[in-house]
Amino acid sequence: MLKLNHDMIVQRLKKNVYTDIELAIKYYSILSAVNNLHLTEREIQLISFTAIKGNITYANVREEFCKTYNSTSPSINNIISKLKKVGIFIKENGKVKVNPIISIDFTKDLTLDIKLVHEETINNVSEGVDHQEDVH
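What counts as what
- Residues numbered from 1 in each chain as written.
- Predicted model: local features only at pLDDT ≥ 70, side-chain atom pairs only at ≥ 80, totals over all residues.
- Heavy atoms only, no water.
- Salt bridge = Lys/Arg side-chain N within 4 Å of Asp/Glu carboxyl O.
- Helix = DSSP H or I, 4+ residues; strand = E, 2+ residues; numbered from the N terminus.
- Buried < 20%, exposed > 50% of the residue type's maximum accessible area, 1.4 Å probe, protein only.

Here the focus is the pattern of salt bridges. One pass over the full model with this rule turns up 4 salt bridges. The salt bridge partner of E64 is K53, with a shortest N-O separation of 3.0 Å. Within this pair, whereas E64 is found in helix α3 (residues 59–69), its partner K53 is found in helix α2 (residues 41–53), the two being separated by 11 residues in sequence.

Here it is, written out as structure tokens:
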């Protein structure tokens, strides 16, 4: 559905997903695209898997990921390191998990409200700066 709203276009999309992991993958793919994170498919899979499982710390969880996504432990370690550097993964109480800011309950339906707005360009150096006169 496409609706014009004065100076803003509103578009609503609906996508059916069948599993929690599929919903998580869609969500993190959208976050990556909107924020120019350039996450790989494997990185998105690991983030999604970790969000569903709660953490990626324990060997059995890592083994399950490797079997499900045909990956290796060294590969996972490299991805974890990268994702910690960019703040997507955090270490909390000794566990590596998805940053709570972007971790949601994927067992529930999800509605995203994404506003893509034009940034105003500043033509004059003094524009956007508050000036106060010295009255003394």
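Now, onward.
Below, the discussion takes up the side chain of S71. Here S71 shows up in the loop between α3 and α4 (73–85). On the basis of relative accessibility, which here comes to 14%, the residue S71 falls in the buried class.

Here the focus is unusual backbone geometry. The phi angle of most residues is negative, glycine excepted, and most peptide bonds adopt the trans form. Although it is not a glycine, N36 sits at a positive phi angle of roughly 50 degrees. Here N36 is to be found in the loop between α1 (20–34) and α2. Of note in this structure, N70 is not a glycine but carries a positive phi near 50 degrees. Within the secondary structure layout, N70 lies in the loop between α3 and α4. Classification of N70 as exposed rests on a relative accessible area of 70%.

None of this, on its own, says anything about what the molecule does.
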